[in-house]
Amino acid sequence: KSDKELLIPSMSCHTKTNVMFLKTHKTASSTVLNIMFRFVERYNLTVALPAGQLYHLGYPKTFLAHFVEEFQSIGQNYNIMCNHLRFNVSEVHKVMAANTFYFSILRNPIHLLESSYVYYKDSVPAFRTSKDVNEYLESPTKYYHPADYKQNIYARNNMWFDFGYDNNAEDNEKYIQAVLKEIEQNFHLILIADYFDESMILLKHSLCWDLDDVVYFKLNSRSQDTVQTLTPESKEQIKSWCSLDWKLYLHFNQSFWRRIEETIGLKELEKEVNHLRTRQKELMETCLLDQEAVGKDHIKNKALLPFQSGATNILGYNLKQDLDNRTLRTCQKMVMPELQYTSYLYAVQHPHKKRKQLGLPLLWTTFQEK
């Protein structure tokens, strides 16, 4: 064994069950949410779910503890928090235990902005009035009006906003350094969506979880034909228009790879990423009819249809028909879209409350009630 391995005796690893995930927008975070929810069920944990009929924890308002269902009576006894919220450290600390592990995920703002554009095309004024993403980026200030800043969150520095900061702040070096430092104090780990499998391995190590805890099917992704091609000029423009997000991303992309080298090493990382992909393929062969995600019109069980938004075609999955009960449960959980899973856990955890309305048939909850 190398010195490095001797420093980490396998005994010292305890599965972390108090975890807060800051779910950022359009960053593969729905896939992470599914991982978190399956973990909740595996260890029978309590999750801080949005109160009442909401599916997010008050977003885009800055988070307050009472946005969590039954916070008054449950207090600091939640294990997991992972639905969308706008980060507010003091209020999150009221909900989560002192030994909670905090992590989040970032994505290259170039891909992020294009994804947001298509997904939020109908709901964001700055996007709605421009023809396509390149036209928007040619002169963002023509479409982006400060007065609409509340509706335009997704149109500029959206990750900066999700972390609780002003997404229209001036790009000032001192300010940026202060924010980066604060994020480093509040979060134990920042993952990078552009290296999702590597991120899952780093998460597994950081939390002492098993491979099956981080295995996933990609959720809430869209069909290729809805992707808009950015011009080289647009890509450059994003770096300046979303310069807060760009600097945030560059900083944590660097620390991400540094962390991997210090803890796992690139060789071991590659080995584990391959394990993850092999396991994922096995599960896809076990669970899925088509071996891949399919467009919204091809999803047979409408209860597993993901929420559709903007000009996207959000993909989902068809499960094989003849699965035994236990396999079926595993497979259903892996493909369950965010709103359905949130609603389902809410019904399990708060059985006396009125169910969250989905506007979707809740067929898949019936197997739970037998």
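- Per an unreviewed UniProt entry, the protein goes by the name G3ST2 sulfotransferase and belongs to Anhinga anhinga.
- Check the Sequence similarities (unreviewed entry) section of the UniProt entry for the protein; it says "Belongs to the galactose-3-O-sulfotransferase family."
- The UniProt entry for the protein carries the following comment under Subcellular location (unreviewed entry): "Golgi apparatus membrane".

1. Structural notes on the packing of aromatic side chains
Thought 1: Following the criterion strictly, the structure yields 28 aromatic pairs and no others.
Thought 2: Aromatic pair Phe39 and Trp209: ring centres 3.7 Å apart, planes at 15°, arrangement stacked. One end of the pair, Phe39, is in helix H2 (residues 29–42); the other, Trp209, is in the loop between helix H11 (196–207) and helix H12 (211–214), and 170 residues separate them in sequence. Neither Phe39 nor Trp209 differs from the other in exposure class; each is buried.
Thought 3: Ring geometry for Trp160 and Tyr165: centres 5.9 Å apart, planes at 50°, overall tilted.
Thought 4: Here the aromatic residues Tyr117, Phe127, Tyr136, Tyr143, Tyr144 and Trp241 are joined through ring pairs into a cluster of three or more.
Thought 5: Against the face of Phe161 rests Arg86, its NZ or CZ located 3.7 Å from the ring centre.
Thought 6: Sitting above the plane of the Tyr346 ring, Lys356 keeps its charged end 4.1 Å from the centroid.

2. Points about the pattern of salt bridges
Thought 1: Applying the stated criterion across every chain, the model contains 18 salt bridges.
Thought 2: For the salt bridge of Asp132 with Lys131, the shortest nitrogen-to-oxygen distance reads 3.8 Å.
Thought 3: Across the pair Glu173 and Lys247 runs a salt bridge, and its minimum N-O distance is 4.0 Å. Here Glu173 is found in helix H10 (residues 173–186), whereas its partner Lys247 is found in helix H14 (residues 243–263), with 74 residues between them in sequence.
Thought 4: Assessed through its relative accessible area of 45%, Glu173 is described here as partly exposed.

3. Here's the deal with the packing of H2 against helix H17 (residues 338–349)
Thought 1: Orientation of H2 relative to H17, taken along the N-to-C sense of each, is 25°, at an axis distance of 10 Å. When the axes of H2 and H17 are compared, the pair comes out roughly parallel. Crossing of H2 over H17 shows left-handed handedness. Touching Ser30, Leu33, Asn34, Phe37, Arg38 and Glu41 of H2 are Glu338, Tyr341, Thr342, Tyr344 and Leu345, all from H17.

Reading the values: the criteria
- Residues numbered from 1 in each chain as written.
- Predicted model: local features only at pLDDT ≥ 70, side-chain atom pairs only at ≥ 80, totals over all residues.
- Heavy atoms only, no water.
- UniProt positions renumbered as here; feature names shortened; annotations may be inferred.
- Phe/Tyr/Trp six-rings, centres within 6.5 Å; stacked < 30°, edge-to-face > 60°.
- Helix = DSSP H or I, 4+ residues; strand = E, 2+ residues; numbered from the N terminus.
- Buried < 20%, exposed > 50% of the residue type's maximum accessible area, 1.4 Å probe, protein only.
- Lys NZ or Arg CZ within 6 Å of the ring centre and 35° of its normal.
- Salt bridge = Lys/Arg side-chain N within 4 Å of Asp/Glu carboxyl O.
- Axes fitted to C-alpha atoms, helices over the stretch in contact; angles between N-to-C directions.
- Parallel < 35°, antiparallel > 145°, perpendicular 65-115°, else oblique.
- Left-handed = near helix turned anticlockwise from the far one by under 90°.
- Contact = heavy atoms within 4.5 Å.

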